[in-house]
Each structure stands twice: as structure tokens, then as C-alpha cells.
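Letter by letter, the chains look like this.
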Amino acid sequence: MEPFCRCFISILSIASSLMQLTVRAPASTSNLGPGFDIFGLALSLYSVFTFERAEALQISGCPEAFQNEDNLVLQGFREVFREAGQTPFSVKLHIDAEVPVARGLGSSSTCIAAGAALYKKNMKAPGVVIANGGDGSLGCGPVWEALNFSAMDQLKTLWPDEYKGGLPVIFNFMDNGYGMGGRTNGETMAYGQLARVGAGITENQMNAERVDGVNPLAVIDAYRRKLQLIKENKGPVLLDVLTYRLGGHSTSDQNAYRSKEEIESWEQNDCILLFRKQLIEAGVATDADIDKINEDIKARITEVMKLSKDLEISPRLDFIKDPDAISRFTFNNGHQVSMAQGTPFVLTPKSENPRVQKIAKKERAAVVDGKPVSKLKQYTIRDAIFEAIIDKYYEDPTLVSYGEDVREWGGAFGVYQGLSDSIPFNRLFNSPISESCIVASAVGYGMCGGRSVTELMYCDFMGRAGDEIFNQMAKWQAMSAGQLKLPMVLRVSVGRKYGAQHSQDWTALPAHVPGLKVVYPITPYDAKGMMTTALNGTDPVIFMESQPMYDKGEEFHLEGVPTESYEIPFGEPDIKRQGKDITILTIGPTLYKALKAADILKEQFGLEAEVIDARSVVPFNYEKVLASVKKTGRIILASDACVRGSIINDMATHINELAFDDLDAPAVVLGARNWITPCPEMEEQFFPNEHWFIDAIHEKLMPLPGYTPKSNFTREEELRIERLGL
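Residues numbered from 1 in each chain as written. Predicted model: local features only at pLDDT ≥ 70, side-chain atom pairs only at ≥ 80, totals over all residues. Heavy atoms only, no water.

Spatial strand order, 15-17-16-19-20: five strands in an open sheet with mixed pairing. Since the sheet does not close on itself, it has two edges, and those belong to strand 15 (574-577) and strand 20 (668-672), each with one partner. In this sheet, neighbouring strand axes are inclined to one another by 25 degrees on average, regardless of whether the strands run parallel or antiparallel. Both strand 16 (residues 582-586) and strand 19 (residues 635-642) contribute to a ladder of four bridges, which runs parallel. Bridge pairing in strand 19 links Leu585 to Leu637. Where helix 23 (residues 690-701) meets the sheet, its contacts fall on strand 16, strand 19 and strand 20, and the angle it forms with strand 20 comes to roughly 150 degrees. (Pairing = 2+ DSSP bridges. Helix = DSSP H or I, 4+ residues; strand = E, 2+ residues; numbered from the N terminus. Axes fitted to C-alpha atoms, helices over the stretch in contact; angles between N-to-C directions. Contact = heavy atoms within 4.5 Å.)

The next point concerns the nonpolar core. With 155 residues, the main nonpolar core has Ile469 and Leu585 as its most contacted residues. The biggest single contributor to this core is helix 20 (residues 590-605), with nine residues. Once residues lying within four places of it in the same chain are set aside, the contact partners of Leu585 are Ile612, Ala614, Phe620, Val625, Ile635, Ile636, Leu637, Ala638, Met651 and Ile655. (Core = buried A, V, L, I, M, F, W, Y, C linked by side-chain atoms within 4.5 Å. Buried < 20%, exposed > 50% of the residue type's maximum accessible area, 1.4 Å probe, protein only.)

What follows covers helix 16 (residues 466-473). Of all eight residues in helix 16, seven are buried, a share of seventy percent or more. Among the residues of helix 16, Gly466, Asp467, Glu468, Ile469, Phe470, Gln472 and Met473 are the ones counted as buried.

So, about the confidence of the model for the protein. When pLDDT is averaged across the protein, the result is 85; 85% of the residues are at 70 or more. For residues 1-105, every residue scores under 50 in pLDDT, and the model assigns this stretch 231 contacts once sequence neighbours within four places are set aside. (pLDDT = per-residue confidence, 0-100.)

The next thing to look at is the environment of Trp144. By the element assignment, Trp144 lies in helix 6 (residues 141-150). Distance from Trp144 to Cys437, taken between C-alpha atoms, is 9.2 Å for residues 293 residues apart in sequence. With residues near it in sequence (within four places) discarded, Trp144 still touches Leu138, Val197 and Ile201.

The buried fraction of strand 4 (residues 169-175) amounts to seven of the seven residues, a majority that puts the element mostly inside the structure. Side chains Val169, Phe171, Phe173 and Asp175 project from strand 4 onto one buried face, and the interleaved Ile170, Asn172 and Met174 project onto a second face that is buried too. Bridge count for strand 3 (residues 129-134) against strand 4 is six bridges, and the pairing is parallel. Bridge pairing in strand 4 places Asn132 opposite Asn172.

Time to look at the pairing of strand 6 (residues 237-242). For strand 6, a buried count of five out of six residues is recorded, marking the element as mostly surrounded by other parts of the structure. Pairing of strand 4 with strand 6, which is carried by six bridges, proceeds in the parallel orientation. Bridge pairing in strand 6 links Ile170 to Val237. Direction of pairing for strand 5 (residues 209-212) relative to strand 6: parallel, over a ladder of four bridges. Its bridge partner being in strand 6, Val211 is matched across the sheet by Val241. Crossover handedness for the path strand 5 to helix 9 (residues 216-231) to strand 6: right-handed. (Right-handed = clockwise from strand over helix to strand, strands pointing away.)

Here the focus is the sheet that holds strand 13 (residues 517-519). Strand order in this open sheet of seven strands is 10-9-11-12-14-13-18, and the pairing throughout is mixed. Both edges of this open sheet fall to strand 10 (428-430) and strand 18 (616-618), since each of them pairs with a single strand only. Adjacent strand axes in the sheet meet at a mean angle of 20 degrees, parallel and antiparallel pairs treated alike. Two strands pair when backbone bridges link them, and strand 13 and strand 18 are joined in this way by two bridges, in the antiparallel orientation. Within strand 18, the position partnered with Val519 by the bridge is Ser616. Packed onto the sheet, helix 19 (residues 524-536) meets strand 11 (452-456), strand 12 (488-494), strand 13, strand 14 (541-546) and strand 18 and runs at close to 160 degrees relative to strand 14.

Shown next as C-alpha cells:
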């Protein structure tokens, strides 16, 4: 355990023993169960947490020295976390004794903390967020993203007056000299002194300060002053807390990178030993008092351990009796129209928004009275997503949206155009180009009870937020044993015409990771209904959107997209065209190529294809697809993703197993080539087109009379390209 953590524990444990301190936890921590005491509370300081108002500390039978108002330790407790005469000492931390939870990848915690601080600022909640990290974490990009995000200029210049000021967060870096085995000062880092990092972020150096982390009074003094800055809206704060890691980074760490003498010299500087000496020399306590404290601490820790091992008091999951127990925590499947009570902060009535007024004049179907509607007058997918989001802004006071260029520009593809006329800066703002922080801050915002819609400008940028999507957004609900909810929607735009690094469909990546709901609507009706479902839910959702399809009108619901709010359940595919001879299941924009292929099949070969739009990837209900296959006996699955590793391969496997007796041939998978995405002029040779469908059907499902394939889908060709890794 690092001296800084030991220092906090020494403060809390010694003072609690001397004062016979009792901390009464509020309702939010009532589920912590037996054994939740001041020591456990101190240990939890080692994670990201938020201080909130709690009931006043109850002090009884404390020694006379601690009744003295001039006593430094008592002042420390009262001043460090004073809030309107009460002590905000409760940790908003949820633990379920049944499920052991461990986490790493600490760099994302700083971004999560920034999101929690954003929630506090937007909801005008009291207190401060503290992000604890090591000095080695400053080698990670997300840490720098979080520092900048928390201090963006717009917080002080553009946000409404009552929300102005940096985010209320203290970045508490425990500067112990090492990352894992690499020495940060003089080897792996370049900053010299960690506190200097603040000078690269803000003009006031992020209120940075070096603190003697083995001196409890120095820590108390620093926090007393820094918390005052936070109250004055002058955050964020960076603390360089000098400590030493007496133990190894992990149980397998043999300390080969440092000498025994180095460790022994630091052991002489143990904060608990030094603080004991100071208390005795100051006449605050005697040797006997502190010996009694030590025995009391040992007894309480022993009791806590006994309680945690007692299966009656701290039951574990029984995977023999309930082998699917953890599955209950993967999703909460909640439905909550608003995450908080209160009136949403907006600038105008919704009816006065110029974009809302413009949409009201559009035709909400692509064909009216049998005639195609002009593109300029059509209600589009872009409008549908906008409509669902602006509706939620007027329902849920916690809703925020941010991403790159989403405010005045309206997002790179215009979905948010017009929102800035009605939504204030603190609820709709341009983020830095910081994909990791965009996602992880939304995780922190959701953990605190807020709802967000964030955006990644291109699907390819998921690679810049991999840990945040796959390990934070996806896993916190289950890691908290279902105690946390993450009502967040991550909009991901799938590109075309922008070449190798901006035109990839990576739907399979989030679909592979448990804990994420993944949807890909491709019509205005579905886009509005599914965005509404996502925004009324309390699970994390990856909302895939196709850039070429933003201007698509509604071709399937002839009565048009309803003006009122409605939901489409996740997991339910939709039959876009009835048929009896072959089933085509698509994800994303390949739906429209499939419909063209269906026209060819009918016109040239007299075959009726049943075309099904998956709409949702996770979850997915196979019953409608299986019923179609039972009727047709053949199925082809298609998407714009490279075929190798595509989610449609997984779907085809399930269909082959579940519909084995009904299939006349194995399911066929059709996707993009296993190349880099080429320039726009070559996309016709890269992404599936209507002729590929016909070619694949002819070669793999049923010979088409008199047909000459345009592309090679033979068995020999498939073996050849697989040999080449193509």
C-alpha cells in the first residue's frame, strides 16, 4: 500500500479511534452491507469517488485533547470536507458482496472522473470528484485528455454564468517514483517534476502543487486549500503527492528494478510511524493511546475479514445452482424517460426552434399519392435522429450531448443542426478531439445518474477509444453487480468515400464485447423509433449510422414517420419485403442493394425474395428469420463490413444450427472485400452491390437459368483468397 493511502488511513483510523468516530452512511451506501467502517471507507479513497453531503459526524467519549478547537487533526477533519456545516463524507460507491470486482487500466479513470465532475456542474450538485492515479499513468493519452477536458476554455468563457468555471475535480497523482517497474523520474517520463504538467494545460498551472504525501497534516492542509478553490469554481486541481510504493506493483513483482536498501530507507519514512511520533510529541496522545488504537484497528480489520468470509452474511454467487448468474448484470433493460426530476434548462420552447419548424413543413414519407417527393422536401434519417434527441432534451434535465464540432456546425453530417438555437452550452458543446475522453467521461456522467448522447465522427475512431468502449462503457454495469446504470448512447457514423481510415464498418467490434447494445437502423422510421428507445433506456448503446444514408427518406411506412414520440424494441428485425423463394438478411445500407437484387430476381428469374432488415445486432431475435427460412429454405446475409470477422458470420452460424432441418443449402455470407477500403472510384468493386447478391445466389444457393456471373463466387475462388489472407 502506498504511503499516501497509508497516510489517509492513518488520519481516518487514528482519529476515529481517538474520537470513537461513527460515520453514518446515507441511503446511497446502505447496500454496502456488514463491515462497512471507516477503514473500508479510507481504502475506497484509492478509487475514483465523489464526496457528497452526509449526516454530521457523531463524536462521543473523545479525549479532551480532541475537544480542543485548536487541535490540528480535528481542524483537518472539519475543514477538509466542510460543506455548509455538514461533513460530506459519504462515498458514492456501490459494492455487491456477491460478485468480486477488480479493475485495471487506470488511465480511463481520469476521464470517468471528468464525466462525474461534469454531472456535478450541470446538476449543481455539491462536492468534488477526486481521481486517484499513479505517476506512471501520465504516460497514457486519456489522462492528458481528461486534464484538458476538465479545464476547457469554454467552461470559463462560453457556458452560462451559473455554470461557468472549471470542472470540480482534483486529479490526485500518487507520485511513487515507478510505473510498474520503470522509474518515472529519470527513465520513462520527461516532465522532471510531475507538478510541472499543469503548466502545459492551463494558465494557472491547474492550481498544481507538490505535497508531502507521507505527512497527514500536509495532505490535510493541501486539501483544505484546494477544496476552497473548487468551491470558488476555480478548478480543476492537479496534486503531485510524493509517496513511495513499499510493495511491488503486483504479487508477482520481485522488485528486481530497485535495491533492498532503497526500500528499507523508505520504510523508515512510513507515515504511520512518523505521525505516531508527532502525535506523542505534540501531547495529543500517549504511547498507550496509540497502542490501543493499533489493537483496535487490527481487531476491526479482523472482524471485517471474518464477516466478508461468512457466507451467511456475505453470500457468494453459486454457479452450480445458478450458472447464468452474472448474465443478470450484463444489462438492466430499464426504461426511464427522465433520469432526474426538474425542468430541463433550454433557451426556447421546442416549437420555436427553427429546425423543428423546418421539419414540420417536410413530407414524412418518400412517396406521397404515388409520386416521389423531392429530396429537399423529404423527412430524412438525419431529421429522424434529430427529432428523437431534441424531444429528449425537453424531457430529461440531465441530457447532454457532445463530440467534435456538434454545436454550431451541427456535427460533421448535420444531425445536430439547429440544436444550438435551443440548447445551452452546458448541455450541448464541442469537445476536444479526444475520443477516449468523449466516451469515458460519458461513462462517469452515467455512473452519477446522468444521460448522454456522445458522438464519434467516424466509426474508424472507435480505435482511439478502444479501452473506453470495450472495458469501461461495456463492463461497469456488470462489474458493479447491477448497482450502476449507464444510460448513454454513443453515436457512431460509418463512412463511405473517405478511403482506408475513414470508411470502415466495425459493427462487429462492439457486438463482440458483452455489455453493449448495438443497433444499426437504416430508415427514418427505424432511426427515430430506435433512438427514442435508446434514450429511454438505461443501458449503454452503440448507435450505428450510415453516412451515405443520412438523406434517405421513408420508403416503407407509406403513411410516413409519426410526429409523436414512439419506440421500436431492440432485437426485432423487420421484414421490408415479403417473399417465398429466398431470404435476404441485411445489416445497414446493404438493405437497399438487397432490394435492387430482389427486383432483378423477380424480373429476370421469377423468384420472390423476402428481404429482412436486422436493425438491431445486440440483442437479436432470430424467430422471424427462422420462420422465413422455414418458408424459403435458403438465406443470404449481407453487410458492408469486410466479410472476415463480420457479425453476419456469427449470425450465419446460428442460422445454420437453428434452421438445419429447414435449409436446402448452408447460409451464404456477403460482405466487403478483405482489403483496405479504396478510394470512392473503386467502391463498386469493394462493397456489396446488387449483382454480387445474384452472383452469390447463382454459385452457392441455386443455379439461375441462363445467368452468367459478373463476379467470381466459386468454391475455388474462396479457397484461393483465403490462402492469400484476402
